Amino acid sequence: MLACRPTDAVPRDASSRLLRSSDTWFLLMHDIRLLRDQLDVLRDGMRRRGKLGEFAPLLDRAESLERERRAAITDLEGQQARRNQLSQEVAQRRKAGDDATALMAEGRAIGDEITALESRRAGAEAAVAQLMYELPNITLADVPEGGEEANTIVRSWGTPRTDGASLKPHWEIGEALGILDLPRGAKISGSGFIVYRGLGARLVRALMNMMLDTHTDEHGYEECWVPLVVNRASMTGTAQLPKFEDDMYALRDEDLFLIPTAEVPVTNLYRDEILEASELPKRLCAYSACFRREAGSAGKDTRGLLRVHEFDKVELVRYATPESALQELELLTSQAEVILQRLGLPYRVVLLAAGDTGFASAKTYDLEVFAPGVGKWLEVSSCSLFTDFQARRANIRYRPAPGEKPRFVHTLNGSALAFSRIIASLFEHWQQPDGSVVIPDALQPHFGRRELR
RNA sequence: GGAUAGGUGGCCGAGUGGUUGAAGGCACCGGUCUCGAAAACCGGCGUACCGGCAACGGUACCGUGAGUUCGAAUCUCACCCUGUCCGCCA
């Protein structure tokens with residue numbers, strides 16, 4: 001139950017609403033109609049991510065499979081209509097006391113055809129779905145084309161310390177103060193697992209309270225405390241699955257996963273529900289531990305707190321109408337920035353280029369804080385607008401007005417903020433020549449002291 | 001973990017093999033009435049897919065999946081979830 005390992009399983013969760021039957025076919029990452037009517041939109045989306053070469057053949061295959069799927073449905077439904085008609089006749093004849101054996105025999109034959117057509121439909125459908133699962137979201141028009149090199153710094157705040165040469169990295173500071181115990185973290189769990197002790201542990205608790213208090217009291221978010229273990233349907237709803245299963249910790253005996261971010265449980269809170277327009281924008285926040293295998297990044301940032309398997313984070317989640325979503329991304333980003341400003345840590349806001357934007361995201365701002373001890377900008381927040389990409393998969397809708405048809409919400413989220421890198425930056429930025437670390441004013445009421453020493 | 005009762009539309013709730021997409025109620029929308037509102041009354045009101053320019057026609061969906069049958073919300077099996085009782089436990 002508690003042992004963790006990645007699984008290589010394909011979707012098998014009975015509660016998953018995906019890939020089930022034609023009635024839930026619409027629950028896909030993209031509106032399937034794009035494949036028929038606006039293939040060029042999908043193509044252009046992949047091109048902007050610099051992945052047209054990778055995805056063009058896939059799109060062509062998907063397009064023809066989609067045509068096959070519809071042809072199968074047309075045939076299938078024709079036969080089903082015949083069967084329904086026939087059954088009615090059987091019923092009538094029986095009622096009248098007439099013989100119906102010939103009709104029943106015909107019905108059996110139709111039944112066989114239906115079975116065949118059904119598997120043809122299911123085959124085409126599964127094939128299209130599998131291809132569509134591979135397709136990332138389409139980035140918005142104002143997202144720069146290209147890869148990481150096209151990321152754009154949109155603004156910055158504060159001034160990085162310039163005495164970097166004489167500054168220590170956070171792990172030296174933390175260990176010297178006895179508040180960071182990396183060797184014992186490695187002993188009890190493995191490398192990339194952190195033990196905070198004494199004032200270090202208290203600092204984590206203070207950060208949690210400061211961030212949550214700010215977002216609930218000042219920004220109007222509802223505080224949630226959510227499970228750290230979620231099922232496959234939730235992981236699929238926010239698009240961690242099926243593509244990134246290797247990055248997750250999975251439980252051994254049950255089809256459950258440790259969350260990589262509170263985004264997963266919080267966004268899935270309203271999975272398969274229809275909200276009233278008056279409930280939007282929905283504003284939810286949660287503290288959680290986050291678990292990441294970091295498969296494929298071995299050797300990168302191995303020291304200290306920069307890349308760990310378990311870290312803490314306060315997450316902001318919003319459900320918006322499509323009309324207000326873009327504005328709300330700006331708002332959400334600024335709310336995350338407030339925390340950095342209050343901690344007095346210099347940071348910059350980076351608009352990610354299309355190729356660097358996450359799989360499910362349509363537009364992302366990263367917040368990078370400067371850590372002068374290691375001389376690096378650290379990503380401490382990623383604020384994203386997912387348009388309806390997640391809402392389709394998780395089937396989260398709202399009714400624009402009473403009596404109107406439901407529409408998919410637009411989901412957003414952002415860290416505000418990730419603790420471990422904040423702690424790294426905080427140690428390094430606020431370190432003093434005597435080895436102590438000053439606690440920023442805004443944190444003092446939560447922390448109860450003015451310095452670490 | 002054991003026993004037991006259940007899972008039906010936005011919500012509640014009828015329905016045990018044949019016009020049941022599903023009675024009834026609530027909510028919601030439109031109307032009558034009213035100075036206005038409430039109440040009352042009348043009408044409307046699920047989701048998705050396929051075909052069609054459209055009007056419209058068709059199909060699927062009663063927790064999930066598989067099966068029996070000419071025909072399944074209704075019968076069978078498996079699984080998931082919920083309630084109740086017992087056991088265990090922070």
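Quick caveat, the model's predicted, so the values are computed rather than measured.

Relative to the assigned elements, Pro57 resides in helix α3 (residues 52–96). Judged by relative accessible area, which is 42%, Pro57 ranks as partly exposed. A C-alpha to C-alpha distance of 35 Å links Pro57 and Arg318, two positions 261 residues apart in sequence.

All right, on to the sheet that holds strand β3 (residues 222–224) then. Spatial ordering of the open sheet is given by β2-β10-β11-β12-β15-β9-β8-β3, a layout of eight strands whose pairing is mixed. Each end of this open sheet is capped by a strand with a single partner; those strands are β2 (152–157) and β3. Within the sheet, the average angular offset between the axes of one strand and its neighbour, ignoring direction, is 25°. Sheet topology places strand β9 (residues 310–320) next to strand β15 (residues 410–418); seven bridges connect them, and they run antiparallel. Opposite Lys313, over in β15, you have Ala418 as the bridge partner. Strands β2, β9, β10 (347–351), β11 (363–371), β12 (376–385) and β15 of the sheet are contacted by helix α10 (residues 325–343), whose axis makes an angle of about 10° with β15.

The subject of this paragraph is a negative patch on the surface. Residues Glu148, Glu149, Asp356 and Glu379 make up a contiguous surface patch of negative charge. Relative to the helices and strands, Glu149 resides in the loop between α4 (101–133) and β2. According to the relative accessible area criterion, Glu149 is exposed, its value standing at 66%.

Bringing the packing of helix α7 (residues 199–218) against α10 into the picture now. Here α7 crosses α10 at 130°, and the two axes come no closer than 11 Å. By the criterion of interaxial angle, the relationship of α7 to α10 is oblique. Crossing of α7 over α10 shows right-handed handedness. For the pair α7 and α10, contact is made by Leu207, Met210, Met211, Thr214, His215 and Glu218 and by Gln335, Val338, Ile339, Arg342 and Leu343, respectively.

As a further point, take the pattern of salt bridges. Scanning the model with the defined rule gives 32 salt bridges in all. For Glu63, the salt bridge is made with Arg67, and the minimal N-O distance between the two is 2.6 Å. In this pair, Glu63 and Arg67 are both assigned in helix α3, four residues apart and thus about one turn of the helix distant. Taking the shortest distance from any N to any O, the salt bridge between Lys313 and Glu315 comes out at 2.6 Å. Comparing Lys313 with Glu315, the two get one shared label, buried. Within this structure, Arg36, Glu66, Arg69 and Arg70 form a network of salt bridges that share partners.

With respect to the secondary-structure elements, Gly373 resides in the loop between β11 and β12. Note: C-alpha distance between Gly373 and Arg33 (340 residues apart in sequence) is 51 Å. In contact with Gly373, not counting residues within four places along its chain, are Leu167, Lys168, Pro169 and Glu428.

With that settled, consider the nonpolar core. Leu203, Phe427 and Leu443 are the most contacted members of the largest nonpolar core, which has 61 residues in total. Top contributing element to this core by residue count: α7, with nine residues. If sequence neighbours within four positions are ignored, Leu443 has contacts with Leu203, Ala206, Leu207, Met210, Leu343 and Leu426. Ala262, Leu284, Val317 and Phe408 belong to the second largest nonpolar core, which has 17 residues in total.

Turning to the pairing of strand β8 (residues 282–291), a few remarks are in order. Of all the 10 residues making up β8, nine are buried; the element is thus mostly covered by neighbouring parts of the structure. When β3 meets β8, the two strands line up parallel, connected through three bridges. Note on β8: the bridge partner recorded for Glu223 is Cys285. For β8 and β9, the ladder comprises 10 bridges, and the chain directions are antiparallel. What sits directly across from Leu284, in β9, is Val317.

Per-residue pLDDT for chain A has a mean of 88; in total, 93% of the residues score no lower than 70. Contacts for the low-pLDDT stretch residues 1–27, under 50 throughout, to residues beyond four places or in other chains number 60 contacts. In the model output, the complex is listed with pTM 0.89 alongside ipTM 0.87.

Take the packing of helix α2 (residues 39–48) against α3 next. The geometry of α2 relative to α3 is characterised by a closest axis approach of 9 Å and an angle of 160° between their N-to-C directions. Between α2 and α3, the interaxial angle falls into the category roughly antiparallel. Where α2 crosses over α3, the two elements pack in a sense that is right-handed. Listed contacts from α3 to Leu39, Leu42, Arg43, Met46 and Arg47 of α2 are Leu52, Phe55, Leu59, Asp60 and Glu63.

Conventions we followed
Every chain is numbered on its own, with residues counted from 1 as its sequence reads. By the order in which they are written, chains take letters starting at A while ligands take numbers starting at 1. Confidence filtering applies because this is a predicted model: local features only for residues at pLDDT of at least 70, side-chain atom pairs given and counted only at 80 or more, and all residues used for totals across whole chains, interfaces and linings. Side-chain numbers come from the whole structure's heavy atoms, not from hydrogens or water. Secondary structure is summarised from DSSP: a helix means a run of H or I of at least four residues, a strand means a run of E of at least two, and numbering begins at the N terminus for each. Burial here depends on accessible area, computed with a 1.4 Å probe over protein chains only, as a share of the maximum for the residue type. Under 20% is buried, over 50% is exposed, and the range in between is partly exposed. A strand pair is defined by DSSP finding two or more bridges across the two strands. Axes here refer to lines fitted to C-alpha atoms; in helices the fit is confined to the stretch in contact. Angles between the N-to-C directions go from 0 to 180 degrees. Here, residues are in contact when the closest pair of their heavy atoms is within 4.5 Å. Candidate patch residues must exceed 30% relative accessible area and have no salt bridge, after which like charges are joined if within 9 Å and Val, Leu, Ile, Met, Phe, Trp or Tyr side chains if within 5 Å. We get accessible surface area from the Shrake-Rupley algorithm with a probe of 1.4 Å; when it comes to residues, only the shown protein chains can shield them. Think of a salt bridge as a Lys or Arg side-chain nitrogen and an Asp or Glu carboxyl oxygen that are within 4 Å of each other. Neither His nor the chain ends contribute to the count of charged residues, in which Lys and Arg are positive and Asp and Glu negative. Taken as the charge centre is NZ of Lys, CZ of Arg, CG of Asp or CD of Glu, depending on the residue. Roughly parallel here means an angle under 35 degrees, roughly antiparallel means over 145, roughly perpendicular means 65 to 115, and every remaining angle is called oblique. By convention the crossing between two helices is left-handed if the near helix lies anticlockwise of the far one by an angle smaller than a right angle, and right-handed if it lies clockwise. As used here, the term nonpolar core means buried Ala, Val, Leu, Ile, Met, Phe, Trp, Tyr and Cys residues forming a set that is joined through side-chain atoms within 4.5 Å. Per-residue confidence from the predictor is reported as pLDDT, which spans 0 to 100.

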